[in-house]
Number of protein chains: 2
Amino acid sequence: MPDKKDCCCNSKNHKMEKFLEASLLLLLKRQCAHGYGLIEQLELLGFSSEDMNVSTLYRTLRKMEEKGQVKSYWKAGGGGPKKRVYDITDQGLKDLEEWRKIFEYRKERIETFLEMYEKQCEYEEVL
Amino acid sequence: MPDKKDCCCNSKNHKMEKFLEASLLLLLKRQCAHGYGLIEQLELLGFSSEDMNVSTLYRTLRKMEEKGQVKSYWKAGGGGPKKRVYDITDQGLKDLEEWRKIFEYRKERIETFLEMYEKQCEYEEVL
DNA sequence: GCAACTATGTGTAGCATGCATATAGTTTGC
DNA sequence: GCAAACTATATGCATGCTACACATAGTTGC
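Residues numbered from 1 in each chain as written. Chains lettered and ligands numbered in written order. Predicted model: local features only at pLDDT ≥ 70, side-chain atom pairs only at ≥ 80, totals over all residues. Heavy atoms only, no water.

1. Brief notes about the packing of aromatic side chains
And then number 1: Per the stated rule, a full pass over the model turns up 10 aromatic pairs over all chains.
And then number 2: Measuring from centroid to centroid gives 5.6 Å for W99(A) and F103(A), while their planes differ by 25°, and the two rings are stacked. With a gap of 4 residues between them, W99(A) and F103(A) both fall in helix α4 (residues 90–126), about one helical turn apart.
And then number 3: Since its relative accessible area comes to 0%, W99(A) is described here as buried.
And then number 4: With 5.0 Å between their ring centres and 75° between their planes, F113(A) and F103(B) make a pair best called edge-to-face. On the criterion of chain membership, the pair formed by F113(A) in helix α4 and F103(B) in helix α4 (residues 90–126) is interchain, its members lying in two chains. The two residues F113(A) and F103(B) agree in class, both being buried.
And then number 5: By way of ring pairs, the aromatic residues F19(A), F47(A), W99(A), F103(A) and F113(B) are connected into one cluster.
And then number 6: In this structure, K82(A) is placed above the aromatic ring of W74(A), and the distance from its NZ or CZ to the ring centre is 5.1 Å.
And then number 7: The ring of F47(B) carries R109(A) above its face, with NZ or CZ at 4.4 Å from the centroid. (Phe/Tyr/Trp six-rings, centres within 6.5 Å; stacked < 30°, edge-to-face > 60°. Helix = DSSP H or I, 4+ residues; strand = E, 2+ residues; numbered from the N terminus. Buried < 20%, exposed > 50% of the residue type's maximum accessible area, 1.4 Å probe, protein only. Lys NZ or Arg CZ within 6 Å of the ring centre and 35° of its normal.)

Here you go:
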């Protein structure tokens with residue numbers, strides 16, 4: 001990851017549109033979980049606990065429920081305050097598959113960008 | 001590119017944060033150009049002329065000039081109305097290099113996502 | 001009893017983008 | 001000579017994602 005200090009582009013520019021939503025769908029496909037517990041798991045997908053924005057996480061989950069991608073229920077016991085546990089729905093599984101396609105496409109475009117950049121640098125070196 | 005029809009995620013979700021800005025910097029590193037002329041060149045980086053949002057393009061270029069990434073001057077002649085031609089600046093070149101790093105990073109994260117998705121699907125098939 | 005931790009939520013603002021619309025000079029066809 | 005099409009640039013408004021700050025409340029440890 002590029003150093004955020006001395007970077008023209010501040011940390012806000014590192015965000016990737018909707019990557020959080022898609023990541024949550026993927027984690028919930030593996031197993032149901034509650035918001036706070038998902039923070040740890042998100043590290044598997046490159047989100048750092050320090051930078052992790054908890055309010056965004058909760059808001060995203062509620063929006064995903066509005067859209068019918070996940071459903072939630074309250075669960076008490078097991079230590080600590082009660083948790084709102086999320087399950088993925090059929091709609092969520094379909095949407096996750098769409099995200100997979102979108103990310104394949106984004107990856108290709110990024111690769112095209114990187115290749116053009118490299119070629120241009122090589123070309124300039126020859127001059 | 002995934003089919004936009006029948007997609008849970010509408011076309012708006014295909015956009016990639018700041019990809020246009022970075023693409024413009026890359027194209028202007030190759031050679032100076034005016035806004036309208038950049039539309040064609042953007043196809044090299046996966047932007048389709050039909051979908052291309054011209055207003056966003058012009059607004060982005062003006063913002064980039066405010067940030068000192070590019071500078072512009074008016075050029076008459078050569079047929080058609082006069083053009084505002086953009087040149088990349090030293091700041092723009094530095095920022096482009098930062099974008100390269102950011103996109104390498106984004107690519108890695110997308111790859112992590114895709115790998116986890118595939119593994120999960122394989123795992124479920126075995127069951 | 002109080003601090004630290006777990007857990008969930010809202011209010012507000014910034015910022016990138018899309019859609020619609022405005023403006024105006026240039027070229028082409030009749 | 002004039003209308004239509006094309007080239008070219010720009011702004012107003014709405015939407016949507018994210019960040020930052022703040023609010024709330026139950027649980028555990030000392």
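And the narrative resumes.
2. Structural notes on the environment of L114(B)
And then number 1: Relative to the elements of secondary structure, L114(B) occurs in helix α4.
And then number 2: Among the residues examined, L114(B) registers a relative accessible area of 5% and is labelled buried.
And then number 3: Residues in contact with L114(B), not counting those within four places in the same chain, are R100(A), F103(A), E104(A) and K107(A). (Contact = heavy atoms within 4.5 Å.)

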